[in-house]
Every structure is written in C-alpha cells, then in structure tokens.
Amino acid sequence: DLIRMGVARLGLRQPRHAASAAVVPGALVMGGGLTGMTAALALANSGQAATLVERETALGGMLRDAHSLYPTGRSAATFLAQMVEAVTHHPRIKVMLASQVTEVSGTVGRYAVHLNGDGQPLEVGAIIVATGAQVMQPWGQYHYDGQRVVTQLEFERELCDAAPNAPASSIVMILCAGQRDEAVPYCSGVCCIAALNQALQVKAADPEAQVTVLFRDMYLLGEDLYAEKVLDARRAGVAFLRYAPSSPPRVTGEGVEVRDQQTGRDHRLLYDRVVLATPLVPQPDASVLAHMLKIGQDENGFFPEVRPRLRPQNYAERGIYVCGVAHHPTGRTEAQFQATDAAFRALRYIRAGQVTSQAPFAAVDEKVCTGCGTCVAACPFEAITMQKRDGTLDLSQIDPLLCTGCGNCVVVCPVKAICQPRDQDAQVLAQIEAALAPARKNGRPRILALGCEWSGHAAAELAGANRLSYPADTRLIRVRCSARFDPIHVMWALLSGADGVFLGACPPGDCHYVNGNLHAQERFDTLRSQLAQSGFDPRRVCLEWITPDDPHDFVHKITAFTTLVRALGLSPVTVK
C-alpha cells in the first residue's frame, strides 16, 4: 500500500525550481540610539558602508537622559559623546537626522527605502531595526503628574540636572509600577538595577536624604551583583519594603501607603518625590513599521526575531534584523551585543551577494485567479500581494523568495487558482485513492492519517525507528504543514471508503510556519460541525496535537482513535 501511494504521488510530481536574487551591497540602520550606533559602527569597521537614519535631531536615544552607566558608574554623557563622535566622523557611515522611513518596497535582497516621502529611494540589501522603545507614562495611575510623581527616566534627567546636589530629600521608589500585571505582563529587566543606581546616587549627593524602595521582587544580573548592590544601598541607608502583588502601593498627594509583606505592618511614607519603575513599551508607530517591513509583532507589540525552524535550503533569509529594545526590553550590555550580532549577520548576508531558496513555493494560475485577496490575509510570511492588471480584476502574486511552502494559501483560495508543486491537490487525492484502493480485509476499519512533516509524520517515523507498534489499519500521508490539511481532502477520503481520518499537527505555539496549526483547527472545527449537521458522526474526523520528538505520543493517540473508530463500526458511506 505504501509503495502504491508513493508511486501515485511520484507520477504527478513536477520539476522543482530554485528561486534566487542578487543582494544589493548596501545596509540601512533604523534608529540612532545606542543599539543603532553600535550596529552602524560594527558594519563600518568591517568595511561595509551603512546609512543611519534617526527621526530625532540628535543621536543617542534614551542614553541622552542617562546620568551614569551601570555597573561602572561612568558618565553617560562622556560615553555618548565618544559614540556620537565615532559615528558621525566615520567615512563609511552616512547619518541622516530628522529623517524617517515612510515606505519600503522591493523584495528580498533589494529593498527600496523612501525617507521623508522623498521620490528617490535608497536601495539596500539589509535593514537593521534598532528603533528602540519608550517609557510608559502612567497617566491616571499612582497620582502621576510628571513633577512630584515621575518615571525613572524623568528622575534620571533630574539627577543629571541636579548633580552634584540631590534633587529631593525624601524619595519613594516603586518597582513594577504598571508592569507584570494583566495589562503589561512582562518585566522590563532593567528597572531594579536602575532603582539601586539612582538610590545610591541620591545618597552619595545627600547622605541625609531618605530613600525607600518598594519592591515585589529584585531582579538583578547575578547573585553576587545582587548582594553587592543591595548591601551597598543598605549601608548607605536606603530602606527596602516588600509589597504583595495583590496589595500594591497607593500614592496620594500626601504620602505613599503600603503594607510590608514580611511584617504585615502598614506604612505611610511622606515624600518629596515618588519614582515609578514603569515598563518599556513599543514605539507608538511600531505597527506601522511592522507593516512596512512585513515583520511580525509579538503579543506585547515588540518585533520578535523570526528564525523559522525550516530546512536551511527551504528558507530565504530576508536581510531584516531586529535588535535592542525594539526586539524586547533589555539592558545596555545585552542591547549592544544584539546590535553587533545583527550587524555581522547583515554583513554575511550582503557579502554572499545572492540569496537562494529551494522551498517549493506556491504559484498562481493567472487565468483562474479572481483577485479576491483571500490569500493575502492567509499568508503568515507576507509573501503575497495583489497586482493591478488589465480589466477589473487584480491578480494575486507570490514572491518565491518569501514563500516557504506552507500551503495555507492553496487551501483558502476559493477557486483553487493556487497550487503547490510538492503537495498538489492531485497528488494528495491520488495518494488517498491508492491507500483505499485495496479491498477491505476481514471487516477491519481503514484509517487515513495526514501528518505534518514536522510533527505527526515525524513522530510516526520515530515510532518506526524505535520499533513501536501501532494499528496496521493506518495509512499515513505526509504534508509540509497542517495548514495544508484541506477539508476537501478529508471529504474525499470519507467518500472513498475511509472509516476515519486522523490529522496530526504541531501543538499551538510550535508551528514551524507561525500559525498553520491554528488555521487547521479552525477549518476542522467547522468541518466537524458541518458533518454533525448532516447526520454524519464527527468523531470519525480527529485533529490531534503531536509532539514531534515523542513517538509514544503518536502511538497513543492513533491507537486511541483507531479503537474509537472500531467501536463506531464501518462508515455509513462505506456500507452504502
């Protein structure tokens, strides 16, 4: 049966062609903060010319407001001045201040970047996104007014202006203010260290100043550093009170009310200044930039570094790299490390001179396409666009270097104008027919299984390699992604004599093609509902999440499904 199915697939196979393009030897760095300057210098010092674009009128970003650098205590202004000097006087770096990217067109290897709406675009092969983040201003919370109650960044500016004198004599610092809750679930990672630094700076300027730090947890970089900094702060007279997440500090115009979690005592702290450790949040135009660059955003609005877990030859690197707090809140050292890493990956990409992908990219039949645009919304890699053509109908166009061959667009196309060379509908249907062609033996049920090559099929092969047994009534067909699970294929199998159809997909969050498994679940929930409405038992169609490196998981689930189908008996379609 397996040989018959393989021959049926092979007989309809089409030639596979690679897609390739030249890479323009140019690099763009978006963002002139510490991360952007570090990336630009790494490129330039390696011999690669780079254009650094900054929307503000000066370089430096949030570093311009810093008083001193942690952990060395070095002057932030001196460090920044040296960085700016190195960047602005480097012969291979072109700095463009008060400039903003307004449009990005082109494709992999050759991007046309428009600045400030100008007509003449800048052509580059690689783009480094170092646009940073902003500090959330908690209006309506903690009695915040930007004067007596300020954010850490605002207090940092105050320290710069007041040095060497302390800015206030009674200071209360509240950590985790407006973060690590339902609205902002993450930790910014730098607030605790910043609070300790600021507290020590205040005490150094005025030993008589009263500084109290209210915290939930203290997150610092290493136990030794934690002990050293906290002990230094305690010796300097800084007080620490731990509060429970369920009972956060309450700020009024007169004082801060808080319950000490360790002693259970209530405190009312008078203040000249309340300093709020509010979170770093994405820039207000982050979604606009994500749309222009066709990059994703995580659940918090930051730009994740996308590294698809695909076979290397099936993925064309796009030449877009994210680093620093644009990627996720992080400290100065980590941000500089990410910037250097991004720069050298961009350098390697540009020096290769060409980008190639062997992925079985999907193709559009121009004679059939109606220009509905359904495929555009379905593509997780932004590989599909709509192009104008003669007449009233637009044409769907797939970029072969962006397409990874997940097959989602093939399934959603209402007129079947899109095909995928390695997983054509005809090939899948031919395998189904070949699997179900032999006569039924001893009244045993026939189970057709469709398995994602990364999960269901991979686990089945591991089961074979480990000599694990599962019901011999199963016939398995491999597809690239569960996004390729087509309800039409399931219906064809049921009408061709299958007593049950089993679908094995990656667990949610683990799809190699972003969210193909979620599309599969939505489609088959709908299919099962439609089957039930038609009087057909929906339990004969089963979608299971399969852990790819756990063959026992596959064996358990396919065995359970086969047992269920045996209990249900032969399909009524088969009996008729």
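Structural notes, computed from the coordinates. (Residues numbered from 1 in each chain as written. Predicted model: local features only at pLDDT ≥ 70, side-chain atom pairs only at ≥ 80, totals over all residues. Heavy atoms only, no water.)

1. A look at the nonpolar core
Turning to step 1, where the next piece is worked out: If you look at the biggest cluster of nonpolar residues, it comprises 86 residues, and the most contacted ones within it are Leu-43, Val-113, Ile-127, Ile-128, Leu-293 and Phe-303.
Turning to step 2, where the next piece is worked out: The biggest single contributor to this core is helix H2 (residues 34-45), with 8 residues.
Turning to step 3, where the next piece is worked out: Each residue touching Phe-303, except ones within four places of it in the same chain, is listed here: Val-129, Thr-131, Ala-286, Leu-289, Ala-290, Ile-295, Gly-296, Gln-297, Val-322, Ala-326 and His-327. (Core = buried A, V, L, I, M, F, W, Y, C linked by side-chain atoms within 4.5 Å. Buried < 20%, exposed > 50% of the residue type's maximum accessible area, 1.4 Å probe, protein only. Helix = DSSP H or I, 4+ residues; strand = E, 2+ residues; numbered from the N terminus. Contact = heavy atoms within 4.5 Å.)

2. Quick word on the packing of aromatic side chains
Turning to step 1, where the next piece is worked out: A full pass over the atoms with the stated rule returns 8 aromatic pairs.
Turning to step 2, where the next piece is worked out: Summarising the aromatic geometry, the rings of Tyr-470 and Phe-554 are spaced 5.2 Å apart at their centres and angled 90° between planes, so their arrangement reads as edge-to-face. Of this pair, Tyr-470 sits in the loop between helix H12 (456-465) and strand S26 (474-479) while Phe-554 sits in helix H15 (residues 551-568), placing them 84 residues apart in sequence.
Turning to step 3, where the next piece is worked out: By relative accessible area, which is 2% here, Phe-554 ends up buried.
Turning to step 4, where the next piece is worked out: Among the aromatic side chains, those forming a connected cluster through ring pairs are Tyr-470, Phe-502, Phe-554 and Phe-561.
Turning to step 5, where the next piece is worked out: The ring of Phe-79 carries the charged tip of Arg-332 above its face, separated from the ring centre by 5.8 Å. (Phe/Tyr/Trp six-rings, centres within 6.5 Å; stacked < 30°, edge-to-face > 60°. Lys NZ or Arg CZ within 6 Å of the ring centre and 35° of its normal.)

3. Remarks on the pattern of salt bridges
Turning to step 1, where the next piece is worked out: Applying the stated criterion across every chain, the model contains 23 salt bridges.
Turning to step 2, where the next piece is worked out: Across the pair Arg-273 and Glu-158 runs a salt bridge whose closest N-O atoms are separated by 2.7 Å. Linking Arg-273 in strand S17 (residues 273-276) with Glu-158 in helix H4 (residues 152-162), this pair joins segments that are 115 residues apart in sequence.
Turning to step 3, where the next piece is worked out: Looking at Glu-158, the relative accessible area reads 19%, which means it is buried.
Turning to step 4, where the next piece is worked out: For the salt bridge of Asp-425 with Arg-484, the shortest nitrogen-to-oxygen distance reads 2.8 Å. One end of the pair, Asp-425, is in helix H11 (residues 425-436); the other, Arg-484, is in the loop between S26 and helix H13 (487-495), and 59 residues separate them in sequence.
Turning to step 5, where the next piece is worked out: Take Arg-484: its relative accessible area is 1%, and that puts it in the buried class.
Turning to step 6, where the next piece is worked out: A single network of salt bridges, built from pairs that share partners, joins Asp-1, Arg-4 and Arg-475. (Salt bridge = Lys/Arg side-chain N within 4 Å of Asp/Glu carboxyl O.)

4. Here we look at H13
Turning to step 1, where the next piece is worked out: Buried within H13 we find His-489, Val-490, Ala-493 and Leu-494. The buried residues of H13 occupy an angular sector of 135° when the element is viewed end-on, so they sit on one face.
Turning to step 2, where the next piece is worked out: Two or three places before Ile-488, at the opening of H13, Asp-486 has a side-chain oxygen 2.9 Å from that residue's backbone nitrogen.
Turning to step 3, where the next piece is worked out: Positive backbone phi, approximately 115°, marks Gly-497, located one or two places after H13. (Arc of directions from axis to C-beta. Polar contact = N/O pair within 3.5 Å; in protein donor to acceptor, adjacent residues only side chain to side chain.)

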